[in-house]
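A structural walkthrough
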Amino acid sequence: ILLVGLVVNVSVYGPHAAIRARAPAFTLAVLYGLELPFFALALWLLVRPWGVAGAAVAWALRAALDASAQHVMARRALGVTIVPATLPVLAALALGAFALSCHLAGPSALALRALGGLAVAAAALGLLPAEDRDSLRRALCLPPATRGAA
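Below or above, wherever it landed, is the structure these notes cover.

Attention now goes to helix H4 (residues 52-78). A rise of 1.5 Å per residue sets the reference length of H4, with its 27 residues, at 39 Å; its end C-alpha atoms lie 38 Å apart and thus fit the reference within 8%. Directly beyond the C-terminal end of H4, a positive phi value near 80° is found at Gly-79.

Two quantities define a packed helix pair, namely the angle between the helix axes and the distance between the axes. Where helix H1 (residues 2-10) meets H4, the closest approach of the two axes is 8 Å, and the angle between their N-to-C directions is 15°. In terms of axis orientation, H1 runs roughly parallel to H4. Of the two possible hands of crossing, H1 and H4 adopt the one that is left-handed. For the pair H1 and H4, contact is made by Leu-2, Gly-5, Leu-6, Val-8 and Asn-9 and by Ala-56, Trp-59, Ala-60, Ala-63, Ala-64 and Ala-67, respectively. Grouping the constituent residues of the contact of H1 with H4 by class yields 9 nonpolar, 2 polar and no charged.

Attention shifts here to the pattern of salt bridges. Here the structure, examined in full by the defined rule, presents 2 salt bridges. One salt bridge in this structure joins Arg-62 and Glu-35, with 3.4 Å as the shortest N-O distance. Here Arg-62, found in helix H4, pairs with Glu-35, found in helix H3 (residues 27-50); they are 27 residues apart in sequence, far enough to count as distant. For the pair Arg-62 and Glu-35, one class covers both residues: buried. The network of salt bridges with shared partners includes Glu-35, Arg-62 and Asp-66.

Okay, the packing of helix H2 (residues 13-22) against H4 next. One can describe the packing of H2 onto H4 by two numbers: an axis separation of 8 Å at closest approach and a directional angle of 45°. By the criterion of interaxial angle, the relationship of H2 to H4 is oblique. In this structure, H2 crosses over H4, and the sense of that crossing is left-handed. Taken together, the residues of H4 that come into contact with H2 (itself represented by Pro-15, His-16, Ala-18, Ile-19 and Arg-22) are Gln-70, His-71, Met-73, Ala-74, Ala-77 and Leu-78.

Reading the values: the criteria
- Counting restarts for each chain: residues are numbered from 1 in the order of the written sequence.
- Predicted model: local features are reported for residues with pLDDT of at least 70 only, side-chain atom pairs are reported and counted for 80 or more only, and whole-chain, interface and lining totals are derived from all residues.
- The side-chain figures draw on all heavy atoms in the structure; neither hydrogens nor water molecules are used.
- In this text, helices come from DSSP runs of H or I with a minimum length of four residues, and strands from runs of E with a minimum of two, each type numbered from the N-terminal end.
- A helix's residues, less one, multiplied by 1.5 Å, set its expected span.
- Convention adopted: a line fitted to C-alpha atoms gives each axis, helices being fitted over their contacting stretch, and angles between N-to-C directions are expressed from 0 to 180 degrees.
- In what follows, roughly perpendicular refers to angles from 65 to 115 degrees, roughly parallel to angles under 35, roughly antiparallel to angles over 145, and oblique to any angle outside these ranges.
- In this scheme, a crossing is called left-handed if the near helix is turned counterclockwise away from the far one by less than a right angle; it is called right-handed if the turn is clockwise.
- In this description, contact between two residues means that some pair of their heavy atoms is separated by no more than 4.5 Å.
- Just so you know the grouping, Ala, Val, Leu, Ile, Met, Phe, Trp, Tyr, Cys and Pro go in nonpolar, Asp, Glu, Lys and Arg go in charged, and all remaining residues, Gly too, go in polar.
- We define a salt bridge as a contact between a side-chain nitrogen of Lys or Arg and a carboxyl oxygen of Asp or Glu at a distance within 4 Å.
- Only protein chains enter the calculation, and the probe is 1.4 Å; a residue is then buried if its accessible area is under 20% of its type maximum, exposed if over 50%, and partly exposed in between.

Below is the structure:
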């Protein structure tokens with residue numbers, strides 16, 4: 001569960017640096033202050049029924065909310081999109097679905113794990129910059145990605 005939150009949290013390093021460089025100093029403090037009530041509510045709702053796992057889920061949800069907000073704030077501060085704001089959340093959902101499928105048993109579990117793994121791979125590729133995706137394609141002997149004609 002914490003790995004899902006960590007993947008999302010790592011995706012926000014670039015936008016976080018952009019906000020610190022370009023936005024007023026209090027911007028992140030305001031964001032964290034706005035997140036606090038939601039995180040406290042999630043902890044209160046999830047820790048009682050699920051214990052430590054509930055706390056991990058609450059933190060992963062907070063990380064996803066924080067990542068999306070910081071991507072939007074960085075886009076406004078820089079005027080360019082670093083990574084689409086929904087991508088970290090989609091990556092977290094894909095990784096969470098994969099983790100959930102690993103707990104399932106039965107003949108359909110293998111197919112669910114394969115689909116979950118593909119979803120995680122697709123989300124991870126979406127988080128990579130274009131140059132890194134192209135390098136990965138060359139390393140795997142895949143044809144280059146086609147880009148729209150200019």
